[in-house]
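Observations on the three-dimensional arrangement
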Amino acid sequence: STNLPYHIVAGCFMIRGNAQRFVEKLKEQNFPASIIGQNNRGLHIVSIGNYARREEASNELARIRPSNPEVWLLKK
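To start, this report covers the structure provided alongside it. (Residues numbered from 1 in each chain as written. Predicted model: local features only at pLDDT ≥ 70, side-chain atom pairs only at ≥ 80, totals over all residues. Heavy atoms only, no water.)

1. Concerning the overall build of the chain
- Each helix and strand in the chain was counted, giving two helices and four strands.
- Of the regular secondary structure in the chain, the N- to C-terminal order runs β-α-β-β-α-β.
- For the chain, whose C-alpha radius of gyration is 12 Å, the value lies close to the compact-globule estimate of 11 Å for 76 residues.
- Across its three principal axes, the chain shows a C-alpha extent of roughly 30 × 25 × 20 Å.
- Per-residue burial over the chain gives 38% buried out of 76 residues.
- For the chain, the share of sequence-separated contacts (at least 6 apart) that also reach a separation of at least 24 residues comes to 59%.
- In the form shown here, the chain has an accessible surface area of approximately 4,700 Å², with 50% of it arising from carbon and sulfur atoms.
- The average position of the 11 basic charges and that of the 6 acidic charges among the side chains of the chain differ by 7 Å. (Helix = DSSP H or I, 4+ residues; strand = E, 2+ residues; numbered from the N terminus. Rg over C-alpha atoms; globule rule 2.2 N^0.38 Å. Buried < 20%, exposed > 50% of the residue type's maximum accessible area, 1.4 Å probe, protein only. Contact = heavy atoms within 4.5 Å. Areas by Shrake-Rupley, 256 points an atom, 1.4 Å probe, with all protein chains shown as cover. Lys, Arg positive; Asp, Glu negative; His and termini not counted. Charge placed at Lys NZ, Arg CZ, Asp CG, Glu CD.)

2. Topic: the nonpolar core
- Counting 17 residues, the largest nonpolar core has Ile8, Ala10, Leu26, Val46, Ile48, Ile64 and Val71 as the members making the most contacts within it.
- Put simply, the parts of the chain that give this core at least two residues each are β1 (6–13), α1 (16–28), β3 (44–51) and α2 (54–64).
- If you tally residues by element for this core, the top one is α1, at four residues.
- Residues in contact with Ile48, not counting those within four places in the same chain, are Ile8, Ala10, Leu26, Phe31, Pro32, Ala33, Ile64 and Val71. (Core = buried A, V, L, I, M, F, W, Y, C linked by side-chain atoms within 4.5 Å.)

3. Quick notes on the packing of aromatic side chains
- Considering all chains together, one arrives at one aromatic pair under this definition.
- With a centroid separation of 5.3 Å and an interplanar angle of 50°, the aromatic rings of Phe13 and Phe22 are classed as tilted.
- You can call Phe13 partly exposed: its relative accessible area is 22%.
- A relative accessible area of 16% places Phe22 in the buried class. (Phe/Tyr/Trp six-rings, centres within 6.5 Å; stacked < 30°, edge-to-face > 60°.)

So yeah, pure geometry; function would need other evidence.
Structure (structure tokens):
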């Protein structure tokens, strides 16, 4: 849910269609991907995980980062 404060971000896109295509690609890889809104520069944020606690988000980030080094943690 986007109501949760911590998000693992896989990418940000100027064009929503590109973000949506990336979401579909990530879902094919079994990530729970979604667009969680736009940042202050208007980029569409693609998340592959939403968490209530920083600890659980950090643990998941550490687990997936070796195969996805571009991912990062966002607190909304």
